[in-house]
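Below, each chain spelled out in residue letters.
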Amino acid sequence: MGRVGLGVAVGCAVVTCAIAAALVGRRARSWWRWARVVGVVGQFEEDCVTPVWKLRQVVDAMVVEMHAGLASDGGSKLKMLLTFVDTLPDGNEDGVYYALDLRGTICRVLKVQLGGSGSKIINHKVEQQRIPEELVSGTSEVGKDVSQCLEEAMSKNGLHMQVAALVNDPVGTLAVGHYDDADTVAAVIIGYGTNACYVERSDAIIKYQGLLTDSGFMIVNMEWGNFWSSHLPRTCYDIALDDESPNRNDQGYEKMISGMYLGEIVRRVLHRIAEVSDIFGDSAHHLSVPFILRTPLMAAMHEDDSPDLREVGRILEESLQTSGLSLKAKMIVVRVCDVVTRRAARLAAAGIIGILKKIGRDGSGGVASGRTKGKPRRTVVAIERGLYTNYSMFRVYMNEAITDILGQEIAQNVVLRVSEDGAGIGAALLAAAYSSKR
């Protein structure tokens with residue numbers, strides 16, 4: 001009996017040791033998988049870091065490229081296009097003006113009534129029509145003056161109206177901003193795409209020497225989405241995205257800060273995590289689909305403040321067919337969203353400060369740099385589109401970066417003001433400004 005008892009005891013001990021070894025092995029494998037996840041995210045976070053000194057390098061690089069673009073066509077990644085808009089609305093315009101906003105397959109017609117003498121916009125109406133596909137894809141009018149074509153078409157239909165201005169979104173946004181606040185000197189669009197324009201002295205536009213305007217200034221359309229500098233914190237995911245894009249080596253800045261790409265960058269990082277671990281279950285093949293994770297969904301996950309990150313789980317389940325994600329896995333997703341958003345917002349802020357530095361409104365010294373009689377000069381930048389207006393964390397990080405770069409004293413005099421419907425109302429306001437000028 002003693003030997004039998006001893007044999008049973010030894011057998012039980014062996015089984016217990018085997019079970020313990022299996023558990024230890026499983027925990028070790030789980031630990032190593034998690035360590036790989038942390039390594040991927042940590043490396044990505046390190047590559048995206050935007051300390052103040054780096055942001056100031058981006059600011060200076062933006063200024064250099066702006067000067068180069070104003071000096072000659074093709075001299076910079078920034079096109080620095082002349083808009084030939086040298087008059088901005090100031091609130092004294094009156095009358096009724098119309099605007100056409102052509103966007104994709106939609107045409108909006110706006111009727112705007114202005115009261116003059118600071119009474120602002122009295123009333124405005126909007127009608128929307130879908131553009132027939134044959135007109136969208138037609139090429140019969142390529143190379144012709146769009147304004148002239150529009151006037152001729154209206155005349156044929158008994159509408160004797162004159163086209164006063166042809167503008168893009170940022171110029172229209174600047175017009176709305178200046179109409180509401182005369183300290184507005186620039187406008188930035190940060191949405192699905194991104195662009196900026198600003199008020200430039202006519203004599204600073206070297207590539208058009210002798211350019212004269214009654215106001216002494218002209219609005220310059222930067223096309224800043226194409227800005228590039230070696231100081232931008234680029235990762236392997238950004239490089240892969242660019243390599244696989246139809247416009248490789250173009251729109252580098254836009255690919256790091258605009259709504260079209262932020263969700264895609266997050267997807268690429270999550271896909272890499274899925275390749276080195278099983279925290280997302282069997283969803284790796286879903287994560288391999290380009291642009292499956294749109295930026296609005298990314299923003300919703302980033303701003304999920306529920307204790308169990310319920311919204312993160314719901315979005316991932318609906319978009320990527322994941323289920324039963326652990327809280328740790330959800331927290332990793334939120335962390336990646338935060339890294340991408342913070343980098344984008346801070347780089348966008350650096351671009352804005354670059355514009356202000358170019359026109360001497362960054363407070364870096366003297367009267368010509370944003371100070372009047374020793375006091376910082378108030379400066380307004382009009383902003384339109386969803387990332388800044390609808391994505392609160394993007395807005396927080398952007399405002400934080402402006403303070404980091406400029407310092408509190410100067411930053412408190414830089415106002416980022418949301419402007420609505422620059423493409424529509426802004427165009428009507430510019431028509432009013434030019435009509436008043438005549």
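Residues numbered from 1 in each chain as written. Predicted model: local features only at pLDDT ≥ 70, side-chain atom pairs only at ≥ 80, totals over all residues. Heavy atoms only, no water.

Remarks on the environment of L232
Reasoning step 1: Its place among the elements puts L232 in the loop between β7 (217-221) and α6 (236-244).
Reasoning step 2: Taking relative accessible area as the criterion, L232 reaches 4% and is therefore assigned buried.
Reasoning step 3: Setting aside its immediate chain neighbours within four residues, L232 contacts V58, F227, Y253, M256 and L347. (Helix = DSSP H or I, 4+ residues; strand = E, 2+ residues; numbered from the N terminus. Buried < 20%, exposed > 50% of the residue type's maximum accessible area, 1.4 Å probe, protein only. Contact = heavy atoms within 4.5 Å.)

Topic: the packing of helix α8 (residues 259-276) against helix α12 (residues 327-358)
Reasoning step 1: At a closest axis distance of 10 Å, the pairing of α8 and α12 adopts a crossing angle of 140°. By the angle between their directions, the pair α8 and α12 is classed as oblique. Of the two possible hands of crossing, α8 and α12 adopt the one that is right-handed. Taken together, the residues of α12 that come into contact with α8 (itself represented by L262, I265, V266, V269, L270 and I273) are I332, V333, V336, C337, V340, R343 and A344.
Reasoning step 2: In the contact of α8 with α12, the residues fall into 12 nonpolar, no polar and 1 charged. (Axes fitted to C-alpha atoms, helices over the stretch in contact; angles between N-to-C directions. Parallel < 35°, antiparallel > 145°, perpendicular 65-115°, else oblique. Left-handed = near helix turned anticlockwise from the far one by under 90°. Nonpolar A, V, L, I, M, F, W, Y, C, P; charged D, E, K, R; others polar.)

Looking at the side chain of T295
Reasoning step 1: The residue T295 is located in helix α10 (residues 295-302) in this model.
Reasoning step 2: Relative accessible area serves as the criterion here: at 7%, T295 is assigned to the buried category.

Considering the pattern of salt bridges
Reasoning step 1: Under the criterion given, the structure shown has 25 salt bridges.
Reasoning step 2: A salt bridge links D203 to R201, with the nearest nitrogen and oxygen atoms 2.9 Å apart.
Reasoning step 3: Overall, the relative accessible area of 49% leaves R201 in the partly exposed class.
Reasoning step 4: A salt bridge links D404 to R346; the nearest nitrogen and oxygen atoms lie 3.0 Å apart. Placement of D404 in helix α14 (residues 392-406) and of R346 in helix α12 is noted, with a sequence separation of 58 residues between them.
Reasoning step 5: Note on R346: relative accessible area 3%, which makes it buried.
Reasoning step 6: Through salt bridges with shared partners, a single network forms among D181, D183, R378 and R417. (Salt bridge = Lys/Arg side-chain N within 4 Å of Asp/Glu carboxyl O.)

Side note on the environment of A349
Reasoning step 1: Mapping A349 onto the fold places it in helix α12.
Reasoning step 2: Relative accessible area serves as the criterion here: at 0%, A349 is assigned to the buried category.
Reasoning step 3: For A349 and M398, which are 49 residues apart along the polypeptide, the C-alpha to C-alpha distance reads 5.5 Å.
Reasoning step 4: The contacts of A349, once residues within four sequence positions are left out, are M398, A401, I402 and I405.

Some remarks on helix α2 (residues 52-71)
Reasoning step 1: When the terminal C-alpha atoms of α2 are compared, their 29 Å separation across 20 residues agrees well with the 28 Å that a helix rising 1.5 Å per residue should span.
Reasoning step 2: Residues of α2 that are buried include every one of K54, L55, V58, V59, A61, M62, V63, M66, G69 and L70, and no others.
Reasoning step 3: Against the buried residues of α2 lie β6 (194-201), β7, α12 and α14. (Expected span 1.5 Å × (residues − 1).)

Quick look at the confidence of the model for the protein
Reasoning step 1: A residue-level look at the protein finds 88% of positions with pLDDT of 70 or above and a mean pLDDT of 87.
Reasoning step 2: For the protein, the element scoring lowest by mean pLDDT is strand β8 (residues 371-372), at 52; helix α7 (residues 254-257) scores highest, at 98.
Reasoning step 3: In the predicted structure, residues 8-15 sits below a pLDDT of 50 and forms 0 contacts with residues beyond four places in sequence or in another chain.
Reasoning step 4: Low confidence marks residues 17-25, where pLDDT is under 50. Its contacts with residues over four positions away, or in another chain, come to 0 contacts. (pLDDT = per-residue confidence, 0-100.)

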